[in-house]
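Spelled out, the chains give:
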Amino acid sequence: VADYCEGWIPRDVGVDLAGCIGEIKVEMKKRGRSFDDLDLGAMTAFEFSPQGGIENRIHELLKMGFQRIMFLLTTAIADEQWPLLERYYALTRKFN
């Protein structure tokens, strides 16, 4: 990321993203690059959210510097995905 990337989109699954962000900041500074120039997004899902729920996790990700949060969907037919899409839609309305 520090050497070549203009952005980073990790999956928010059992990874210490705050620690990773700290390491990326250090490495970018060593290379004379500004962390603020990175375009950061994170992929998450209801089933990945830690204790406290996905809404709290989104707030944490935004505080870390992620500008975009993307939601993962399981592979399924539309009728099975639609309720999850509705849940995500309701969740996104809380952040506008």
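Residues numbered from 1 in each chain as written. Predicted model: local features only at pLDDT ≥ 70, side-chain atom pairs only at ≥ 80, totals over all residues. Heavy atoms only, no water.

Caption draft 1: Summary view of the side chain of Thr44. Among the secondary structure elements, Thr44 is positioned in strand β2 (residues 39-44). According to the relative accessible area criterion, Thr44 is buried, its value standing at 1%. A distance of 3.5 Å separates a polar atom in the side chain of Thr44 from a polar atom in the side chain of Asp12. The contact partners of Thr44, leaving out residues within four places of it in the chain, are Asp12, Ile54, Ile69, Met70, Phe71, Leu72 and Tyr88. (Helix = DSSP H or I, 4+ residues; strand = E, 2+ residues; numbered from the N terminus. Buried < 20%, exposed > 50% of the residue type's maximum accessible area, 1.4 Å probe, protein only. Polar contact = N/O pair within 3.5 Å; in protein donor to acceptor, adjacent residues only side chain to side chain. Contact = heavy atoms within 4.5 Å.)

Caption draft 2: Summary view of the sheet that holds β2. Judged by pairing direction, the sheet is parallel, and its three strands sit side by side in the order β1-β2-β3 without closing on themselves. Only two strands of the sheet have a single neighbouring strand rather than two, namely β1 (7-8) and β3 (68-71). One ladder, built from four bridges, connects β2 with β3; its direction is parallel. Within the sheet, the bridge partner assigned to Met43 lies in β3 and is Met70. The sheet strands contacting helix α2 (residues 53-64) are β2 and β3, and the helix crosses β3 at an angle near 145 degrees. (Pairing = 2+ DSSP bridges. Axes fitted to C-alpha atoms, helices over the stretch in contact; angles between N-to-C directions.)

Caption draft 3: Representation of the packing of helix α1 (residues 17-30) against α2 in the model. Contact pair α1 / α2: the axes reach a minimum separation of 10 Å and the direction vectors enclose 5 degrees. In this view, α1 runs roughly parallel relative to α2, as classed from their interaxial angle. Side by side, α1 and α2 meet where Leu17, Ala18 and Ile21 of the first sit next to Arg57, Leu61 and Met64 of the second. (Parallel < 35°, antiparallel > 145°, perpendicular 65-115°, else oblique.)

Caption draft 4: The nonpolar core, seen in detail. Within the largest apolar cluster, 22 residues are counted, with the highest numbers of intra-cluster contacts made by Trp8, Phe35, Leu40, Leu61, Phe66 and Tyr88. Ignoring anything within four residues of it in the chain, the contact list for Tyr88 reads Thr44, Ala45, Phe46, Ile54, Phe71, Leu72 and Leu73. (Core = buried A, V, L, I, M, F, W, Y, C linked by side-chain atoms within 4.5 Å.)

Caption draft 5: Examining α2 more closely. Compared with the 16 Å implied by 1.5 Å per residue over twelve residues, the 17 Å span of α2 between its first and last C-alpha is a close match. Residues of α2 that are buried in the fold lie against α1, β2, β3 and α3 (78-93). Trailing α2 by a residue or two, Gly65 shows a phi angle of about 115 degrees, which is positive. (Expected span 1.5 Å × (residues − 1).)

Caption draft 6: Spatial organisation of the pairing of β2. In this sheet, β2 lies alongside β1 in parallel orientation, the contact comprising two bridges. Looking at the pairing, Trp8 lines up with Leu40 of β2. Regarding topology, α1 serves as the crossover connection from β1 to the parallel β2, and that connection is right-handed. (Right-handed = clockwise from strand over helix to strand, strands pointing away.)

Caption draft 7: Layout of the environment of Gly32. With respect to the helices, strands and loops of the structure, Gly32 is situated in the loop between α1 and β2. Among the residues examined, Gly32 registers a relative accessible area of 69% and is labelled exposed. Sequence spacing of Gly32 and Ala2 is 30 residues, and the spatial spacing of their C-alpha atoms is 9.6 Å.

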